[in-house]
Protein chains: 2
Amino acid sequence: MKDFNYYAPTQVAFGRKAEQATGRLVKQYGGTKVLVHYGGKSAERSGLLDAVCHALEAEHLPYVKLGGVVPNPRLSKVHEGIDLCRAEGVDFILAIGGGSVIDSAKAISMGVTYEGDVWDFFTHKAEVDTCLPLGAMLTLPAAGSEMSDATVITNEDGDLKKDYGSDKLRCKFAVMNPERTFTLPPYQTAAGVVDIIMHTLERYFSHDDDMTVTDSIAESLIRTVQDSAFKVLQQPDNYLHRAQIMWASSLSHNGLTGCGTTSDWATHFLEHELSGMFDVTHGAGLAAVWGSWARYVYLENPTRFAQFAVNAMGVRNNFKSAEETALAGIEALERFFRAIGMPTSIHELIGREITDEEIREMSRKCSYDGTHSIGGFKVLNREDMEHIYRAAR
Amino acid sequence: MKDFNYYAPTQVAFGRKAEQATGRLVKQYGGTKVLVHYGGKSAERSGLLDAVCHALEAEHLPYVKLGGVVPNPRLSKVHEGIDLCRAEGVDFILAIGGGSVIDSAKAISMGVTYEGDVWDFFTHKAEVDTCLPLGAMLTLPAAGSEMSDATVITNEDGDLKKDYGSDKLRCKFAVMNPERTFTLPPYQTAAGVVDIIMHTLERYFSHDDDMTVTDSIAESLIRTVQDSAFKVLQQPDNYLHRAQIMWASSLSHNGLTGCGTTSDWATHFLEHELSGMFDVTHGAGLAAVWGSWARYVYLENPTRFAQFAVNAMGVRNNFKSAEETALAGIEALERFFRAIGMPTSIHELIGREITDEEIREMSRKCSYDGTHSIGGFKVLNREDMEHIYRAAR
């Protein structure tokens, strides 16, 4: 096991009518002028936006609204938010949405107090010093941004999708009402479940593979969200299983599932290029490449993949061959992805064959022109990336 | 499932040489004058006290020391600490020890800024408003106080052992180096493991029993610490298993295992009277009464006890009788307690038969003269308490 730091200070209010707590929580964390940041029409139509605004008004908290955040959130919207916060004297950002909105809010929060361009953080030209406090009202369990230290932003100028992480970006609070996810379409629900599983697996596939207290939490989360995914796809208004997916989304990405392990993140980096180039749903992109990544790397530590197969996927152990058990586990997760309507190849994801040129371009970007490698379980260079993309095509 | 709040803001630094981080962390959280609070001679003999003091000196942080905290920490020591902090202008408290030292530090931290007697908090006469920030260097994994909101103090005037809880009492940081637990005696190690298991079970035995994501984490923790307990009792310097017990102690009491459930705490309250009267080790006291509590209450929800038996204790399910599976699970945990040298009756705990008068006196105190009940799984009044103590005698 590896030494670790664990820091998940976000205060969680979870349950029916939880959105009523937003005003009180903003006040508790010192907000006096709020940016209410959200996505498209669904927050307006569902009445959630109004409910949150009423909760702010009940605490006499003035606010300005900025909607229009799209999946794979754009740098231009972040710039718009930064300008608005400065013009209006905003001192607290409240995100209503899923990972895209929360990530956009995080980028705004560090951009407001920074003199240069906020993109500097994503290109490693700057480190965040101070930022505006922020909170989240979660509507899409997937990215885990509500408790994570990370933000991912797409720069339209070059289709660059890059991430940045700092403990200073962790939300002060996260408000979660599973009822607010009843209307999520099946595809978004399923893509969210993939993202949750992948946040756990990116930390699980590690050569620091002896800490059973962390492993068994990770394996439990993966088993639970699989069961709950089938339930909510059949019954979209099943509160209990919506709740389990929602809470699992936070636990899978707040650091808990990585205590003592070395993280990998290769699948995430490979996917960032896919959604940067094709604007696909992140979770679906992860499902499309994960199996190809797994088959490319599993021989680095077949027993780890065998443990995953048995403990997380319910595969029967082949005591004579860890390799065969490992492969059965990879197949089992791909089978699960297909069963919930997720793609397991790039052509299913984007609706056509990907070209060799596109594969080369994604690998070039992902490797920063061949100067960076990715992955902890197996270190992958530009050629490895091309191989995995081709296997997933 | 029940609505819940989750808030575990404590920053954890975990690993070999972790104690070197204490100075940096005190500074990060604004400390400029530190009370170093600790227990007996072991912190001095082991060199840990010196190591922590050096870490403070490296950050140019002045400090005063106050040792002598005993198990079932005393109110008189808390008063001594409050006076010392006021006299010396202390603005940060650093506890080096286990639950007793950390609980004592928490009580000091709320007493320093309170005009009345700190005991007022424990008798529900006051609520904490502000308190000094505090951090912990953990040496005994058991109480989980390093991430919990709770403190338990014994008032020598009447042998009253009472608890108080507030999010304001949560440590800013907790530093954990499993190597620092290699020298723990077997009895303390085992009693700690009981405490960890009981912190999980007090939240697990709930009629809100449908949230599998929480259940499976709880069941995982219980299985892991049982395995690790046997390992470290055979090999006291087994880093991995000392680490698993240590991390489990924090996770079992930081709220994670109670998300969505209603807590019980009856066994803890019953035990507080035992250690208040006989000054026994808390974990051993829990082991002595738990089985009698469990047999008294399990028929309230036999399927919950059956789930515990199968998922946490590895008992084979009797599909025809949840009651029989439940009883087999209770027996299995008692067998585990005995296997690690813990008592499963009060006479094993205190070395003699307890008298009827003592049972009546403990029940009187525990029920505040019959005016309070305890327990969430089954509500227990004064007569119920007497029954359980008698069954455990």
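In this text the structure is predicted, and so the values were computed from the model without any measurement. Along each chain, the written sequence defines residue order, and numbers are assigned to residues from 1. The lettering of chains begins at A and the numbering of ligands begins at 1, in the order of writing. Predicted model: local features are reported for residues with pLDDT of at least 70 only, side-chain atom pairs are reported and counted for 80 or more only, and whole-chain, interface and lining totals are derived from all residues. Hydrogens and water molecules were not included; the side-chain quantities draw on all heavy atoms of the structure.

## As for the overall build of chain A
Here comes step 1: Helix and strand definitions follow DSSP, with helices as H or I runs of at least four residues and strands as E runs of at least two, each counted in order from the N terminus. The helix and strand inventory of chain A stands at 16 helices and eight strands.
Here comes step 2: Values of the radius of gyration come from C-alpha atoms, whereas the globule rule sets the reference at 2.2 Å times the count of residues to the power 0.38. Expected size for 393 residues packed as a compact globule is a radius of gyration near 21 Å; at 20 Å, chain A falls within 12% of this value.
Here comes step 3: Structurally, chain A occupies a C-alpha span of about 65 × 45 × 45 Å along its principal axes.
Here comes step 4: In this scheme, a residue with accessible area under 20% of its type's maximum is buried, one over 50% is exposed, and one in between is partly exposed, where area comes from a 1.4 Å probe on protein chains only. Looking at the 393 residues of chain A, the share that counts as buried comes to 62%.
Here comes step 5: Throughout, a contact is declared for two residues whenever any of their heavy atoms are within 4.5 Å. Expressed as a percentage of contacts within chain A between residues at least 6 apart in sequence, the contacts between residues at least 24 apart total 78%.

## Quick word on the side chain of Ser292 of chain B
All names here are of chain B.
Here comes step 1: Take Ser292: it is sitting in helix H11 (residues 282-297).
Here comes step 2: According to the relative accessible area criterion, Ser292 is buried, its value standing at 12%.
Here comes step 3: For Ser292, the residues in contact, after removing those within four places along its chain, are Glu334, Ile388, Ala391 and Ala392.

## A look at the relation of the copies chain A and chain B
Here comes step 1: Here the copies were fitted onto each other by least squares, based on C-alpha atoms from residues at pLDDT of at least 70 in both. Relative to chain B, chain A is turned by 180° and slid 0.0 Å along the rotation axis, the superposed coordinates differing by an RMSD of 0.0 Å. Such a combination of rotation and displacement between the chain copies is what one expects of a two-fold axis. Every residue of chain A has its C-alpha some distance from the rotation axis, and the shortest such distance is that of Pro9 of chain A, at 1.8 Å.
Here comes step 2: Mapped onto chain B, 100% of the interface residues of chain A are again interface residues, and the two copies thus contact each other with one and the same surface.

## As for the domain arrangement of chain A
Residues and elements named next belong to chain A.
Here comes step 1: When cut into domains, chain A gives domain 1 (11-180) and domain 2 (186-392).
Here comes step 2: Residue ranges labeled as domains rest on an automatic or database domain assignment. Spacing between the C-alpha centres of domain 1 and domain 2 amounts to 26 Å.
Here comes step 3: Between domain 1 and domain 2, a total of about 2,300 Å² is buried, with carbon and sulfur atoms accounting for 57% of that surface.
Here comes step 4: Accessible-area loss on putting two parts together, using a 1.4 Å probe and summing over both, is the definition of buried area adopted here. When residues of domain 1 are sorted by the area they lose upon contact with domain 2, Pro141, Lys161 and Pro178 head the list and together hold 23% of the total.
Here comes step 5: Here, a salt bridge means any side-chain nitrogen of Lys or Arg that lies within 4 Å of a carboxyl oxygen of Asp or Glu. In this assembly, domain 1 and domain 2 are joined by two salt bridges.
Here comes step 6: Between Glu271 and Lys161 there is a salt bridge, and its shortest N-O distance comes to 4.0 Å.
Here comes step 7: Pairs of N or O atoms within 3.5 Å make up the polar contacts considered here, provided that, within protein, one atom can donate a hydrogen while the other can accept it, and that residues adjacent in sequence are counted only when both atoms are side-chain atoms. Inspection of the domain 1/domain 2 interface yields ten residue pairs in polar contact (both at pLDDT 80 or more).
Here comes step 8: Counting residues per element, the side of domain 1 that touches domain 2 draws most heavily on strand E7 (residues 160-165), which supplies four residues.
Here comes step 9: When residues are sorted by character, Ala, Val, Leu, Ile, Met, Phe, Trp, Tyr, Cys and Pro go into the nonpolar class, Asp, Glu, Lys and Arg into the charged class, and all the rest, Gly among them, into the polar class. In terms of residue class, the side of domain 1 that touches domain 2 is made up of 13 nonpolar, seven polar and nine charged.

## Let's talk about the interface of chain A and chain B
Here comes step 1: With 37 residues of chain A at the contact, the number on the chain B side is 37 residues.
Here comes step 2: When chain A packs against chain B, the two sides together hide about 3,100 Å² of surface, and 60% of this comes from carbon and sulfur.
Here comes step 3: Inspection of the region where chain A meets chain B yields zero salt bridges.
Here comes step 4: On the surface where chain A and chain B come into contact, there are eleven residue pairs in polar contact (both at pLDDT 80 or more).
Here comes step 5: Sorting the residues of the side of chain A that touches chain B by element identifies strand E1 (4-14), helix H8 (212-234) and helix H9 (239-251) of chain A as the ones contributing at least two each.
Here comes step 6: The biggest single contributor to the side of chain A that touches chain B is E1 of chain A, with eleven residues.
Here comes step 7: Its residues assigned to classes, the side of chain A that touches chain B shows 23 nonpolar, ten polar and four charged.
Here comes step 8: Strand pairing is assigned whenever DSSP detects at least two bridges linking the two strands. Here E1 of chain A runs beside strand E1 (residues 4-14) of chain B; their pairing, made up of seven bridges, is antiparallel. Within the sheet, the bridge partner assigned to Tyr6 of chain A lies in E1 of chain B and is Val12 of chain B.

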